[in-house]
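Structure at a glance
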Amino acid sequence: SDIEFLAHLLRSSSINYALEHCVSIYPTPAENLQLNQIGYLRNHFGGVPIGWSTHEDPDDLITVGLAVAKGATLFERHVGISDNDHKLNAYSSTPQQVHEWVLAYQKAVERCGSKNRAPALIEESESLRSLARGIYLSKDVKKDTLLKSSDVFFAMPAVEGCLLSGQWSASIVTDKDYSAGESLNEAIA
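My aim in this report is to walk through the structure given alongside it, one point at a time. (Residues numbered from 1 in each chain as written. Predicted model: local features only at pLDDT ≥ 70, side-chain atom pairs only at ≥ 80, totals over all residues. Heavy atoms only, no water.)

1. Examining the overall build of the chain
Heads up, the rule is: Secondary structure is summarised from DSSP: a helix means a run of H or I of at least four residues, a strand means a run of E of at least two, and numbering begins at the N terminus for each. Each radius of gyration reported is based on C-alpha atoms, and the globular scaling rule is 2.2 Å times the count of residues to the power 0.38. Burial classification: accessible surface area is computed with a 1.4 Å probe over protein chains only, and a residue below 20% of its type maximum counts as buried, one above 50% as exposed, and the rest as partly exposed. Contact criterion: two residues are considered in contact whenever any of their non-hydrogen atoms come within 4.5 Å of each other. Here the open area of atoms and residues is found with the Shrake-Rupley method and a 1.4 Å probe, where only the protein chains shown may cover a residue.
The helix and strand tally for the chain stands at five helices and five strands. The N-to-C order of helical and strand elements in the chain reads α-β-α-β-α-β-α-α-β-β. Rg of the C-alpha trace for the chain: 29 Å, well past the compact-globule value of 16 Å for 189 residues, more than 25% over. Counting the 189 residues in the chain, one finds 31% classified as buried. Partitioning the intrachain contacts of the chain with sequence separation of at least 6 by distance along the chain shows that 58% fall at a separation of at least 24. Accessible surface computed for the chain: about 12300 Å², of which carbon and sulfur atoms make up 54%.

Put into C-alpha cells, the structure is as follows:
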C-alpha cells in the first residue's frame, strides 16, 4: 500500500519515476531475495522502469542474471574500497567484484535477448530442418488417391523435397504413383 500510494502521488503530479525491488537485510541471504517481486512490480506498474537494489553477497554473480531475466532494467550496487581506517562491509563490492558483476549482467542481457525475437538464424533453421520428420508412404499408392493416416508414416530424416509432418492433413491427394517407403512430394501441399 505504501508503494501504491507513492506511485499514485508521483503519477498524479506528472513526475517520472522508477521503482526498485529491495530487501533491506545487509547482506541479503539468497533465500530472502524475493526476485519474483520484480515481475510483480513490472506487471502491476506497467510502463514504469523496475530495478533491483542489491544487497546480496558481493561474490554472488547469479542473482544479477536472475534479476535481468525477471525484467529489472535498473540496478543499484554498494561499492567500497577498504583501507587502514575502513573495512568493507559484507554487502559492498570491491571495484574488481563490481567488474565481475557487470560482466555477469552483460552476459545475462545477451542470453535473455531482445524483447522482440529476431528472425531465426540460418543455423537455427538448418538445425530445425535436420530434426524435422518427413511424410513417407507406408504402402504403394496410386495417383489421385486421397490419403488416410494409415497410408503414411513420419520419419527422420526428411529428405530434400519431402513434405514435412507438420504439413500433414487428411485432404492430401497424391500427385503421382508412390511406392511404399517413398517420401511424399512437398509440391502437393
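From this point, the discussion proceeds with the structure in view.
2. Thoughts on a nonpolar patch on the surface
Quick reminder of the rule: Here a patch means residues that are over 30% exposed by relative accessible area and free of salt bridges, tied together within 9 Å if like-charged and within 5 Å if nonpolar (Val, Leu, Ile, Met, Phe, Trp, Tyr). A side-chain nitrogen of Lys or Arg and a carboxyl oxygen of Asp or Glu constitute a salt bridge if their distance falls within 4 Å.
A contiguous nonpolar patch, built from Phe-5, Leu-6 and Leu-9 and spanning about 310 Å² of accessible area, is present on the exposed surface. Position of Leu-6 among the secondary structure elements: in helix α1 (residues 2-12).

3. Details of the packing of aromatic side chains
What counts, and what does not: Pairs were defined over the aromatic rings of Phe, Tyr and Trp, the Trp ring being its six-membered one, requiring ring centres within 6.5 Å. Orientation was assigned from the angle between planes: stacked under 30 degrees, edge-to-face over 60, tilted for the rest. Placement of a charge over a ring requires the Lys NZ or Arg CZ to be within 6 Å of the ring centre, with the centre-to-atom vector within 35 degrees of the ring normal.
Within this structure, the stated rule accounts for four aromatic pairs. Each ring, one from Tyr-26 and one from Tyr-91, has its centre 4.9 Å from the other, and the planes form 55°; the classification is tilted. Taken together, the residues span a long stretch of sequence, with Tyr-26 in the loop between β1 (19-22) and α2 (36-44) and Tyr-91 in the loop between β3 (74-76) and α4 (95-112) at a distance of 65 residues. On the basis of relative accessibility, which here comes to 42%, the residue Tyr-26 falls in the partly exposed class. On the basis of an interplanar angle of 80° and a centroid distance of 6.0 Å, the ring pair of Phe-75 and Trp-101 is categorised as edge-to-face. Of this pair, Phe-75 sits in strand β3 while Trp-101 sits in helix α4, placing them 26 residues apart in sequence. For Trp-101, a relative accessible area of 7% gives the class buried. Put simply, the rings of Phe-75, Trp-101 and Tyr-105 touch in pairs and so form one group of aromatic residues. Lying over the aromatic face of Tyr-178, Lys-176 brings its terminal NZ or CZ to 5.0 Å of the ring centre.

4. Focus: the sheet that holds β1
To keep things clear, this is the line we draw: Here a strand pair is declared whenever DSSP counts at least two bridges between the two strands. Axis definition: a line fitted to C-alpha atoms, over the contacting stretch in the case of helices. Angles run 0 to 180 degrees between N-to-C directions.
An order of β1-β2-β3 is seen for the three strands of this open sheet, with the pairing classed as parallel. In this open sheet, the two edge strands, each paired with only one partner strand, are β1 and β3. Across this sheet, the average inter-strand angle for adjacent strands is 25°, counted without regard to direction. Packed onto the sheet, α2 meets β1 and β2 (50-53) and runs at close to 155° relative to β2.

5. Things to note about the environment of Ala-72
In this fold, Ala-72 is placed in the loop between α3 (63-70) and β3. Along the backbone, Ala-72 and Ile-50 are 22 residues apart, and their C-alpha atoms lie at a distance of 5.3 Å. Ignoring any residue separated from it by four or fewer positions in sequence, one finds Ala-72 in contact with Ile-38, Ile-50, Gly-51, Trp-52 and Ala-67.

6. Describing unusual backbone geometry
Each neighbour pair has its own omega, and for Tyr-26 with Pro-27 the value is -10°, a cis peptide bond. Residue position: Pro-27 is located in the loop between β1 and α2. If you check the backbone angles, Ser-14 has positive phi at about 55° while not being a glycine. Within the secondary structure layout, Ser-14 lies in the loop between α1 and β1. A positive phi angle, close to 55°, is found at Gln-34, a residue other than glycine. By secondary structure assignment, the location of Gln-34 is in the loop between β1 and α2.

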